[in-house]
Amino acid sequence: MQNVLTRSNKLLFVIGTAWLFDAMDVALLSFIMPIVESEWGLAPTQIGYLSAVTSLGMIFGSLGCGYLADKFGRKHVMIGTLILFSVGNLLLAFTRDVNTFMLVRFITGIGLGGELPVAATMLADSFSGKTQSRMLVLADSFWAIGWIFASLLSFLVMPIFGWRITVIFTFLVSLYAFVMRRHLPDEYIKTKRDKINIFQSLKDIWSGKYLRATSVLTVLWFVVMFSYYGMFLWLPSVLILKGFTIFHGFAYTLLMSLAQLPGYYLAAWLMGKISRKKILIIYLLGTIVSAFIFGTANNEIVIFIGGALLSFFNLGAWGTLIAFTPSHYEAKIRGVGVGFTQSIGRVGATLGPFLIGALLGMGLSISMIFMMFVAVLAIGILVLLFGINDVKME
């Protein structure tokens, strides 16, 4: 029994670390944006492009790597995604103009987008029932730790050494995660992979018993990623627009990021006590209230409280959706099922940051923009309420 627990904890730690470094990359981009904006004299619309192009790469990475994980095995594809976004971090440090920056971020996004669904699929293959759900949420909680690390780097390292050295540092840390991939489990053997075809797999998830689940899950991933990437990639910039200096904006983002961890842990604790569908509804409702508070706040204390609540609920919703998705698909098409639904979510992740930049460029206020996120999240709740039921956890 102890050996089983040890293996489970090791797998959780290894895959969680992959999520951690993925999060560090995404979070650092949000901290780099206001610095690059000043350094290169960019307009808000251009900053929107910078933040959206990573998510554009993730669209291709989520679906493509999900399919490759079904066909060639999870382990090899996980290692490949890590190498891809690690090299991307190194190349980013040597970019000298906005176009090269965007090209590198697109390539990096393919690796980032591919790692998350493959990691989730690997965990889902290894566990079942309540244990599977808790493991998925706990692994996703490492995302919050990645945000905290990125916040510390931006708060303590970036002001002294600049954003380029900071990005190179993350490349070196990612190499450590690559070494850890030696401890990933062997490939699952549940299907003849040479017969797996991406077009047939896509047809399968969009027909029969999977049709309703795929339809609802694509909407939910779109809503969650649209709101998360739209709000959080712009969080330091929004704080600056609300009157904070870059230094204090980074410090407040660090403090707000700490609220992500209890959001994840509460979701993990609730798994098995109430249905994942109810947990997700609670967290989406909390995200709506938090987005309204943060978007309309002018007082420093209210801004901080709203941002902390936003971190708590929005990331808790993401973790719950991670646990909710894989159980709707059999192992032989799970990679494509998770990868496709997340790739549609990446469309939302691309549009969210871009729209903020475009709307700011048009002169809309922060409060009006955040009401857009409130409306989209409300649509997600309605789709979830009337769309699908939870798969029973044993």
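Reference entry: report on the structure contained in this document. Just so we're clear, the structure is a prediction, and the values are computed from it rather than from any experiment.

1. Some points on the overall build of the protein chain
Check the secondary structure of the protein chain and you find 15 helices and zero strands. Split into buried and exposed, the 394 residues of the protein chain put 60% on the buried side.

2. A few points about the pattern of salt bridges
Applying the stated criterion to the full structure yields six salt bridges. Salt-bridge contacts for Asp125 lead to Arg74; the nearest nitrogen and oxygen are separated by 2.7 Å. With a gap of 51 residues between them, Asp125 in helix H4 (residues 98-126) and Arg74 in helix H3 (residues 74-92) connect regions that are remote in the sequence. Here the two residues Asp125 and Arg74 agree in accessibility, since each one is buried. Between Asp125 and Arg334 there is a salt bridge; the shortest N-O distance is 2.8 Å. Linking Asp125 in helix H4 with Arg334 in helix H14 (residues 331-361), this pair joins segments that are 209 residues apart in sequence. Here Arg334 falls in the buried class, since its relative accessible area comes to 10%.

3. Comments concerning the nonpolar core
Within the largest apolar cluster, 123 residues are counted, with the highest numbers of intra-cluster contacts made by Trp19, Trp143, Tyr229 and Trp318. In this structure, Trp318 is in contact with Leu116, Asp140, Trp221, Val224, Met225, Tyr228, Tyr229 and Arg346, ignoring residues within four places of it in sequence.

What counts and how
Residues numbered from 1 in each chain as written. Predicted model: local features only at pLDDT ≥ 70, side-chain atom pairs only at ≥ 80, totals over all residues. Heavy atoms only, no water. Helix = DSSP H or I, 4+ residues; strand = E, 2+ residues; numbered from the N terminus. Buried < 20%, exposed > 50% of the residue type's maximum accessible area, 1.4 Å probe, protein only. Salt bridge = Lys/Arg side-chain N within 4 Å of Asp/Glu carboxyl O. Core = buried A, V, L, I, M, F, W, Y, C linked by side-chain atoms within 4.5 Å. Contact = heavy atoms within 4.5 Å.

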